[in-house]
Amino acid sequence: MQADYSKPDWNRIAHLFKLGIISSLLALIGGDMVLGWGTVDTSLTGMTQYFSRYGAVSDARIFWAATLGMVGIAIETMCYFGVYRVIAAKSETYAHAYRAGLIGMMIFGPFCHVMCCATIYHHNAVSRINPDVAIDEALKFAKFFLVPVSAIFFVFFLIMNIVQIVAFAKEKTPYPKWCMVFTMLIGIIDIVIMRMIGNYAWANALSTGWLSVGSLITFSGLLLNISKAKGDK
């Protein structure tokens, strides 16, 4: 029997958004910031400069970043079914397309994060043995393992976010049209601001977690405006 989403269960949706806020914080702090906390050696260039921010990251930090980030991202993504319910209330077509992107995100999002952590681990492990080949080995590892899963993840990421923006913009949800700003893509603002702030460990850590920042803003914004979606005076 197919579920009827034409009358949204706002209590369940609000619960998903609240859980989404908590899981976004877990992914941001426990996953991204633990991994990305470090400064770049500006005397270096290219990929050597990029990887320099991770040189002091211990194996234990990489393990916890991978584990906590994986858990946080998995729960965070499942909480987007609250958005799915909101879209399904007015459009089955958009809801089905959104769900397709969401399922792909659930499968490849946590995996992509773990592979990012694995690439950093591989670079640091090789650096301890032979620093001269660390960058080449890390890039080779990323080419074989990180890039394929990232490419697949990106496809589902675009499907999910574009469908969400279009559905909100076309008023295919009970929310006001302007709530289309609340998607994961809003996290790009985090990267811009942190780059403007400069080469500080905390700024680099926050920019690493731009996707989780985007989710945090999305869940918070939709939760705060749930009364408008319900039509409460």
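Use the structure listed above.
Since the structure is predicted, the reported quantities are computational estimates derived from the model, not experimental observations.

> What should I look at first to understand the nonpolar core in this one?
Burial of nonpolar side chains together is a common tendency in soluble globular proteins. Tyr80, Val83, Ile87, Tyr98, Phe168, Tyr175 and Leu222 are the most contacted members of the largest nonpolar core, which totals 38 residues. Of all the secondary-structure elements, those providing two or more residues to this core are helix H1 (10–36), helix H4 (81–88), helix H5 (92–129), helix H6 (134–169), helix H9 (210–224) and helix H10 (226–230). The element contributing the most residues to this core is H6, with 10 residues. Apart from residues lying up to four places away in sequence, Tyr175 is in contact with Trp10, Phe17, Val86, Phe168, Leu222, Asn225, Ile226 and Ala229. Counting 11 residues, the second-largest nonpolar core is a separate cluster that includes Ile62, Cys117, Ile120 and Ala138.

> I keep staring at the packing of helix H3 (residues 59–78) against H5 and nothing clicks. Help me out?
Between H3 and H5, the least distance of the axes is 9 Å, while the angle of their chain directions is 170°. One element, H3, and the other, H5, form an angle in the roughly antiparallel class. For the pair H3 and H5, contact is made by Asp59, Ile62, Ala65, Ala66, Gly69, Met70, Ile73, Ala74, Thr77 and Met78 and by Leu102, Met105, Met106, Gly109, Pro110, His113, Val114, Cys117, Ile120, Tyr121, Asn124 and Arg128, respectively. Partitioned by chemical class, the residues of the contact of H3 with H5 number 15 nonpolar, five polar and two charged.

Rules and cut-offs
- Residues numbered from 1 in each chain as written.
- Predicted model: local features only at pLDDT ≥ 70, side-chain atom pairs only at ≥ 80, totals over all residues.
- Heavy atoms only, no water.
- Core = buried A, V, L, I, M, F, W, Y, C linked by side-chain atoms within 4.5 Å.
- Buried < 20%, exposed > 50% of the residue type's maximum accessible area, 1.4 Å probe, protein only.
- Helix = DSSP H or I, 4+ residues; strand = E, 2+ residues; numbered from the N terminus.
- Contact = heavy atoms within 4.5 Å.
- Axes fitted to C-alpha atoms, helices over the stretch in contact; angles between N-to-C directions.
- Parallel < 35°, antiparallel > 145°, perpendicular 65-115°, else oblique.
- Nonpolar A, V, L, I, M, F, W, Y, C, P; charged D, E, K, R; others polar.

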